[in-house]
Every structure is written in C-alpha cells, then in structure tokens.
Amino acid sequence: MIKNGHHASGEPAAGSSGSGVAGTGGVCSPEKRRRVVRVWCDGCYDMVHYGHSNQLRQAKAMGDYLVVGVHTDEEIARHKGPPVFTQDERYKMVRAIKWVDEIVEGAPYVTALETLDKYNCDFCVHGDDITLTVDGKDTYEEVKKSGRYSAKLCPGPRTLSLRPSLCFRECRRTQGVSTTDLVGRMLLMTKAHHSNIDHSGYQQHTDNFGKGPQGHSPWTGVSQFLQTSQKIIQFASGKEPQPGDTIIYVAGAFDLFHIGHVDFLETVYKQAEKPYVIVGLHFDQEVNRYKGKNYPIMNIHERTLSVLACRYVSEVVIGAPYAVGGDLLDHFKVDLVCHGKTEVLLDKDGSDPYAEPKKRGIFRTVDSGNGLSTDDIVQRIIQNRLQFEARNQMKEAKEMAVIEAMKLREEEKTQNTAQAAQ
C-alpha cells in the first residue's frame, strides 16, 4: 500500500508568494516568501513514463512553480522522428503529472532565453543526457553560451532564491527506462521484463534496437531498473484520507500508463466533491493471466511509479487481489468502487470480481469517453516499427558523433596542457 497526494495539493499558483521550503511544513520567514522561483522544463514527452515524471519531480524540487513546454508533432518529426502519441495526447499526459503547475503547448524545440523570459522562469532544468537538433546541435546551446548554464547536478531539496538564478540545471536521468526499451518490449513479445531478470534474447534485442553503426550511446541505450524504497517515498506524498473524503477504489493493470488511463482516473476523481482515489495494481503474473501475450509491458515496480505520479491518485495498493472482496472494502473504508466501460473479465473460478461491491450497492461503471487501450498503443508501434527503429538509430548516431567530438576536445586539451608544461 503506497500513499499519494490527493485533492489538497498545496502547490502555489502562478504569481503567488512562495510556499515554503520542503521539509518545513510550508513555514518560512516572510523574507523568503517574497517571490516564487519559477522553473522551466521542456521536451517531447512521448510515451510518458516514470522517467519523465522523475525528471519533473526533481525539477519541481528546485523551485516553487514548474512550467513545462511540450513540442509539437511537426517539430518532433523534423528533429527526431515520428512520435508515438499526438501532441494533444502528450499535452494532457504532462498536465496529469502532479508536479506540473503549467504547460506551454507548442514550445520551441530549441530552448531560447526569450522563452524563459516570456514565461518569467528563473532557470531551465534538463536531464544529464543530451538533446540534439536534426543537424546535431545541442538544443540548449544558447542558454549555455549566455552564461545561464551550470554543469552540476541538482537532485537535492529546493531553495528559494531572492533573485533570478542565472543557470541551467541538470537532474539525474532515471536509469532502467527509456522509450527505446519500452518499444523493444512491445516488439519482442517475451516476458523477461516482468521479473527484471537477465534474458539473453531480450538483451540482444534491446542492444540492437537503437544501435547505430558507431556503437551505443549512453543516453539511448537500455539499462536495468532497480526499484528502491527511497524512489517510492519520493513519488508518494503519504497523505491520509480526511474527514468528509469519499474513498473511491479502482483496480487494474494500468500498463504503459497512457492517456486512456488518465481520462478514466480524471472521470473517477470527478465522482465526488472531495475524492480520495485508491488504485489497486495487480501483480505481473495476474495481469498476464487475464491479458496473455507478454503483458504487462511494464512490471509491477514500474507501474507503481507511473500511477503514483498521476495527480488524480491518492494511494496505490501494490499487488491488489483480483477480486474486490469484503476485507479490502472494509480495510480501506471504501465508499465507491468504479470500473470503466471495458469488459470485466471473470476470476479464475469463474466468479465476478466485483460481486461484493455490487452486493453492497457501491459499484459504478464510469465512461471517460476515451477507449484507448494498451493494445492500441502496441499496434501503433508494430505498424510503424521500421520508422521507430530508424528514429532510434538516427538519434544514437547523432549522440555518438557528439561523444567523439567531446573525446577529441579533451585529448586536444590534454595535449595543450602537456606542451605548456614543457
């Protein structure tokens, strides 16, 4: 059971005074509340996963108000290759991440000082990887050259500045997840990713999927995800239900957490004035039993972080039972159980998993108006497999060229230093 934030977010609005320093219960001196530190992030945010959410969590921790720019389909196709999700889908996915205060639709692919100034942002934050244009140039080159760049990692708690912070800050890339890896899992159709064990066939596929002729880039290659209690704590806010809250329970796989899930959870959230939404996540083996093939694409640890990042979710139950029984309903004091318009699959013994909430009169079917499923996303990938493979190879080739240039620059610097010392 993992507790998350719910309707009382407590985040400052644009132009409001500061909300205090993390870990102090929102209390700080009047002097430190003079201004809000506004942080800028931007990106494609295609196939949004917990790695994207973790980047935005770190960015929010560096300030008070997080503005996220999301690129258009046209810009992404020009510089990187075709996106899996449409721009409207990506806008909505980013809005649903609980650390995001505001999004800018159609943000330019190349980050300019003009953009930061337009949205009154003190600095921009990006992962410690590199983002390149179609001609291989660093998209943050202008920001770095202006002096608003600090080649340092800033993973710690936020600080409130009394003046604009003239730097570009980096946050740590989340190991073990990438769009390349997720696409590879969909195409390979094995179950090796369920338990995070080594599998030679899966490793060979991921090794080849994004690999260009010059070898592997450390930013595009696949690494192993290892769940830790610290990571869960960082994603969960631990808020308890308050008097007057309506406790709503939903259950499922929530695999490849996507816009269909977001629309469903938003609809569930709107079922009450003060909702406290609990999401029960089924274990990998249970999901594979009722969905088959190589589902789930994301294992239980990855799905946990993905759901915890959603602003409509208050709490997550890891390894929830498939049948929503009386013990679960009583333990969480559930007022309402919701399910979408998708078919309710019977339990192993042929029984209805929602029999008990129906008996109690607390079961409700909700219609989010979005029928997108994980199967639909997999079909998008399969239909465009060659394009996605070419996209990743092109991306890695550009990154490898940058790495080689950096190596040459370091070698020249070393040689010059040695000659000067003679």
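Residues numbered from 1 in each chain as written. Predicted model: local features only at pLDDT ≥ 70, side-chain atom pairs only at ≥ 80, totals over all residues. Heavy atoms only, no water.

Caption draft 1: Fine view of empty space enclosed by the protein. Under the counting rule described, the total for this entry stands at three cavities of 30 Å³ or more. Of the pockets and cavities examined, the second largest cavity occupies roughly 80 Å³. As for the second largest cavity, its lining consists of Val 48, His 49, Tyr 50, Ser 53, Met 93, Ala 96, Ile 97, Phe 257, Val 262, Ser 306, Ala 309 and Cys 310. Residue classes in the lining of the second largest cavity are distributed as nine nonpolar, three polar and no charged. (1 Å grid on protein atoms, 1.4 Å probe; cavity = no way out; pocket = protein on both sides within 12 Å on 5 of 7 lines; lining within 4 Å. Points joined across faces, edges and corners; volume = space filled by probe spheres on them. Nonpolar A, V, L, I, M, F, W, Y, C, P; charged D, E, K, R; others polar.)

Caption draft 2: Fine view of the packing of aromatic side chains. For the coordinates displayed, the defined rule picks out six aromatic pairs. When the centroid spacing of 5.6 Å and the interplanar angle of 25° are considered together, the rings of Trp 40 and Tyr 119 count as stacked. Taken together, the residues Trp 40 in strand 2 (residues 38–43) and Tyr 119 in the loop between helix 4 (113–118) and strand 5 (123–127) connect sequence positions 79 residues apart. Taking the relative accessible area as the measure of exposure, Trp 40 reaches 1% and is therefore buried. A residue is classified by how much of its surface remains accessible, and Tyr 119, at 19% relative accessible area, is buried. Ring plane angle 40° and centroid distance 5.2 Å describe the contact between Tyr 290 and Tyr 322, whose orientation is recorded as tilted. (Phe/Tyr/Trp six-rings, centres within 6.5 Å; stacked < 30°, edge-to-face > 60°. Helix = DSSP H or I, 4+ residues; strand = E, 2+ residues; numbered from the N terminus. Buried < 20%, exposed > 50% of the residue type's maximum accessible area, 1.4 Å probe, protein only.)

Caption draft 3: Region of interest: the environment of Asp 88. With respect to the helices and strands, the residue Asp 88 is situated in helix 3 (residues 87–95). Considered as a pair, Asp 88 and Ile 259 are 171 residues apart in the sequence and their alpha carbons are 9.8 Å apart.

Caption draft 4: The arrangement of the pattern of salt bridges in detail. In this structure the tally under the stated criterion is 16 salt bridges. Salt-bridge contacts for Arg 303 lead to Asp 284; the nearest nitrogen and oxygen are separated by 2.8 Å. One end of the pair, Arg 303, is in helix 11 (residues 300–308); the other, Asp 284, is in helix 10 (residues 284–291), and 19 residues separate them in sequence. Residue class for Asp 284 comes out buried when judged on its relative accessible area of 4%. The salt bridge partner of Arg 289 is Glu 286, with a shortest N-O separation of 2.6 Å. Of this pair, Arg 289 and Glu 286 are both found in helix 10, three residues apart, which corresponds to roughly one turn of the helix. Linked through salt bridges whose partners overlap, the residues forming this network are Lys 92, Asp 263, Glu 266 and Lys 270. (Salt bridge = Lys/Arg side-chain N within 4 Å of Asp/Glu carboxyl O.)

Caption draft 5: The arrangement of the nonpolar core in detail. Counting 61 residues, the largest nonpolar core has Val 68, Phe 254, Leu 265 and Val 279 as the members making the most contacts within it. In terms of residue count, the dominant contributor to this core is helix 9 (residues 259–269) (five residues). Excluding its chain neighbours within four sequence positions, the residues that come into contact with Val 279 are Val 250, Phe 254, Leu 265, Val 307, Val 313, Glu 315, Val 316 and Val 317. In this structure, Tyr 249, Ala 251, Tyr 276 and Leu 329 belong to the second largest nonpolar core, which totals 15 residues. (Core = buried A, V, L, I, M, F, W, Y, C linked by side-chain atoms within 4.5 Å. Contact = heavy atoms within 4.5 Å.)

Caption draft 6: Unusual backbone geometry, seen in detail. In this chain, Tyr 295 is followed by Pro 296 through a cis amide linkage whose omega measures 0°. You can see Pro 296 is positioned in the loop between helix 10 and helix 11. Located in the positive-phi region is Lys 293, a residue other than glycine, with phi close to 50°. Mapped onto the elements, Lys 293 comes out in the loop between helix 10 and helix 11. With a relative accessible area of 56%, Lys 293 lands in the exposed category.

Caption draft 7: Quick peek at the side chain of Asp 263. Mapping Asp 263 onto the fold places it in helix 9. With relative accessibility at 9%, the residue Asp 263 sits in the buried group. Among all residues touching Asp 263, those that are not within four sequence positions of it are Lys 92, Ser 368 and Asn 370.

Caption draft 8: View of the pairing of strand 3 (residues 65–70). Summarising burial for strand 3: six of the six residues are buried, a large majority. Burial along strand 3 is two-sided: the face carrying Tyr 65, Val 67 and Gly 69 and the face carrying Leu 66, Val 68 and Val 70 are both buried. Here strand 2 runs beside strand 3; their pairing, made up of six bridges, is parallel. Each residue of the ladder has a partner; that of Arg 38, found in strand 3, is Tyr 65. Taken together, strand 2, helix 1 (residues 50–61) and strand 3 form a β-α-β motif whose crossover is right-handed. Bridge analysis of strand 3 against strand 4 (residues 102–105) gives four bridges, and the strand direction is parallel. (Pairing = 2+ DSSP bridges. Right-handed = clockwise from strand over helix to strand, strands pointing away.)

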